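A closer look at the structure
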Amino acid sequence: MAHSAQLNILEQNCPIQVEHDRKRRQFTVRLNGCHDRAVLLYEYVGKRIVDLQHTEVPDAYRGRGIAKHLAKAALDFVVEEDLRAHLTCWYIQKYVKENPLPQYLERLQP
């Protein structure tokens, strides 16, 4: 079952909506209501450890802060579910360096 969390940040007068599909282990943002999607993929690599593996935003939508919303949603999921996170994705690593919140840092797996 997909879970949606609407964010208050507006892009072109439309709120960016991050959807979490637990079954497919991904966070997505639908772009302009069409088939284009930005995605953050993760996998469970232990009982309570997730690997945030890959973030991808289509070229035409880059530079608009969409990946930040995906990163925040994924890290908030880690916090809410009391998981540990391994950061394979370079963008998530960058996001954590730019947003070194204690609740994120204490859940990082080396």
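Quick caveat, the model's predicted, so the values are computed rather than measured. (Residues numbered from 1 in each chain as written. Predicted model: local features only at pLDDT ≥ 70, side-chain atom pairs only at ≥ 80, totals over all residues. Heavy atoms only, no water.)

Topic: the confidence of the model for the protein chain
Looking at the protein chain, the pLDDT average stands at 88 and 85% of residues meet or exceed 70. In the model, residues 1-11 has pLDDT below 50 throughout and makes 27 contacts with residues more than four positions away in sequence or in other chains. (pLDDT = per-residue confidence, 0-100. Contact = heavy atoms within 4.5 Å.)

Concerning the nonpolar core
Within the largest apolar cluster, 29 residues are counted, with the highest numbers of intra-cluster contacts made by F27, V29, L52, I66 and I92. With 8 residues, the single largest contributor to this core is helix 1 (residues 66-80). (Core = buried A, V, L, I, M, F, W, Y, C linked by side-chain atoms within 4.5 Å. Buried < 20%, exposed > 50% of the residue type's maximum accessible area, 1.4 Å probe, protein only. Helix = DSSP H or I, 4+ residues; strand = E, 2+ residues; numbered from the N terminus.)

Observations concerning unusual backbone geometry
The backbone of R25 sits at a positive phi, close to 55 degrees, despite the residue not being glycine. Within the element layout of this structure, R25 appears in the loop between strand 2 (14-21) and strand 3 (26-30). We classify R25 as partly exposed; its relative accessible area is 28%. Even without being a glycine, D82 presents a positive backbone phi close to 55 degrees. Tracing the backbone through its elements, the reader meets D82 in the loop between helix 1 and strand 6 (84-87).

Quick word on the packing of helix 1 against helix 2 (residues 90-98)
Following both chains from N to C, one finds helix 1 and helix 2 inclined at 80 degrees, their axes separated by 10 Å at the closest point. In this view, helix 1 runs roughly perpendicular relative to helix 2, as classed from their interaxial angle. Contacts between helix 1 and helix 2 involve A67, K68, A71, K72 and L75 from the first element and Y91, I92, Y95 and V96 from the second. Taken together, the residues that form the contact of helix 1 with helix 2 break down as 7 nonpolar, no polar and 2 charged. (Axes fitted to C-alpha atoms, helices over the stretch in contact; angles between N-to-C directions. Parallel < 35°, antiparallel > 145°, perpendicular 65-115°, else oblique. Nonpolar A, V, L, I, M, F, W, Y, C, P; charged D, E, K, R; others polar.)

Quick word on the pairing of strand 6
Burial along strand 6 is one-sided: the face carrying A85 and L87 is buried and the face carrying R84 and H86 is not. When strand 5 (residues 49-56) meets strand 6, the two strands line up parallel, connected through 4 bridges. Paired with I49 across the bridge in strand 6 is R84. Of the crossover connections in this fold, the one passing from strand 5 over helix 1 to the parallel strand 6 is right-handed. (Pairing = 2+ DSSP bridges. Right-handed = clockwise from strand over helix to strand, strands pointing away.)

Examining the side chain of Q26
If you trace the backbone, Q26 turns up in strand 3. Exposure remark for Q26: the relative accessible area of 8% places this residue in the buried category. Setting aside anything within four residues of it in sequence, one finds Q26 in contact with E19, H20, D21, R37, V39, L40, L41 and Y42.

Considerations on the pairing of strand 3
Counting buried positions over the 5 residues of strand 3 gives 4, a clear majority of the element. Relative to strand 4 (residues 37-46), strand 3 runs antiparallel, the two being bridged by 5 bridges. In the strand pairing of strand 4, T28 is matched with V39.

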